[in-house]
Amino acid sequence: MRIHIFQDEESLHLAVAKELIEAVKTKPNTVLGLSTGSSPLGTYANMIKDHQMNGTDYSEVVTFNLDEYVGLEGTHPQSYRHFMNTSLLNHLNIPLNQTNVPDGTGDLKKTCENYEAKIVSAGGIDLQLLGIGTNGHIGFNEPGTAFDTRTHVTQLLQETIDGNARFFDSASAVPKEAVTMGIETIMEVKKVILIAYGSKKAAAVREMVNGPVVTEMPASILQKHQNVILFLDEEAASLLKK
């Protein structure tokens, strides 16, 4: 793992955006793995600003998102498809039929199989953007998830539900299941960029980097990936060994 530490979120997001922008400029048909939640919002804002000012071309890019809530249509304001469209994709010149978010409705087994097949047919993911949960989850792969999982339906732990409740009217409104890329799926991407900031992420970051590789800390498996870069602010990095 390579680790970059920044004094503030603004400089962190600018650096991550530059990584993604450079990937697209270097390989116009690059396959990007994207994430949702609050962690990448600043990065996405910088990508939009660059596109508007510099015209970075996304017309050949293909994207795959990590996950989606079970039971939410893509038009639901709290669905991850809606989040991606409004936070990034609608503001770039990327055809929406080249963007992929798991479908949280219908035949979920078929959805999972088709998602894996689509990733393969696209040639695999070149660069995957990740966040990390306070319990160490990546995507919605909660503690205890086997490392050999592929795209699947998962039960969300209560702490994850509580953490996402701020986006809903109440914790009871948060879906209890999600479709998520599996850990093995994530480990097959060519390059991983993980964003973490704030003191609440410090313990998870410490265990991901310095702890044993165990299913109780899903992100710890990234120690075995050949190309991982962590983008952290000083608070998230505060418990790492110097």
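Shown above is the structure to which this text applies.
Okay, so let's go over this structure.

A few points about the environment of Val 62
So, point 1. Here Val 62 shows up in strand E3 (residues 62-65).
So, point 2. Setting aside residues up to four positions removed in sequence, Val 62 forms contacts with Thr 30, Val 31, Leu 32, Gln 98 and Asn 100.

Describing the pairing of strand E2 (residues 31-34)
Note on strand geometry: in a regular strand, side chains alternate between the two faces of the sheet.
So, point 1. Along E2, one buried face is formed by Val 31 and Gly 33 and the opposite face, lined by Leu 32 and Leu 34, is buried too.
So, point 2. Looking at chain direction, E2 and E3 are connected through four bridges and run parallel. If you follow Leu 34 over to E3, its bridge partner there is Asn 65.
So, point 3. Between E2 and its parallel partner E3, the chain crosses via helix H2 (residues 41-54), and the hand of that crossover is right-handed.
So, point 4. Across two bridges, the pairing between E2 and strand E6 (residues 127-130) is parallel. Looking across to E6, one finds that Leu 32 is bridged to Leu 127.

Things to note about a negative patch on the surface
So, point 1. A grouping of Asp 8, Glu 9, Glu 10, Glu 234 and Glu 235 is seen on the molecular surface, where their side chains present a negatively charged patch.
So, point 2. By secondary structure assignment, the location of Glu 10 is in helix H1 (residues 9-26).

Looking at the packing of H2 against helix H3 (residues 80-87)
So, point 1. Remark: H2 packs on H3, axes separated minimally by 10 Å, with the N-to-C direction vectors making an angle of 40°. Taken together, the axes of H2 and H3 are oblique relative to one another. Note on element contacts: H3 touches H2 through Phe 83, Met 84 and Ser 87, opposite Leu 41, Tyr 44 and Ile 48.
So, point 2. When the residues that make up the contact of H2 with H3 are grouped by side-chain class, the tally is five nonpolar, one polar and no charged.

Cut-off values and rules
- Residues numbered from 1 in each chain as written.
- Predicted model: local features only at pLDDT ≥ 70, side-chain atom pairs only at ≥ 80, totals over all residues.
- Heavy atoms only, no water.
- Helix = DSSP H or I, 4+ residues; strand = E, 2+ residues; numbered from the N terminus.
- Contact = heavy atoms within 4.5 Å.
- Buried < 20%, exposed > 50% of the residue type's maximum accessible area, 1.4 Å probe, protein only.
- Pairing = 2+ DSSP bridges.
- Right-handed = clockwise from strand over helix to strand, strands pointing away.
- Patch = residues over 30% accessible without salt bridge, like charges linked within 9 Å, V, L, I, M, F, W, Y side chains within 5 Å.
- Areas by Shrake-Rupley, 256 points an atom, 1.4 Å probe, with all protein chains shown as cover.
- Salt bridge = Lys/Arg side-chain N within 4 Å of Asp/Glu carboxyl O.
- Lys, Arg positive; Asp, Glu negative; His and termini not counted.
- Charge placed at Lys NZ, Arg CZ, Asp CG, Glu CD.
- Axes fitted to C-alpha atoms, helices over the stretch in contact; angles between N-to-C directions.
- Parallel < 35°, antiparallel > 145°, perpendicular 65-115°, else oblique.
- Nonpolar A, V, L, I, M, F, W, Y, C, P; charged D, E, K, R; others polar.

This is a description of form; function is not addressed.
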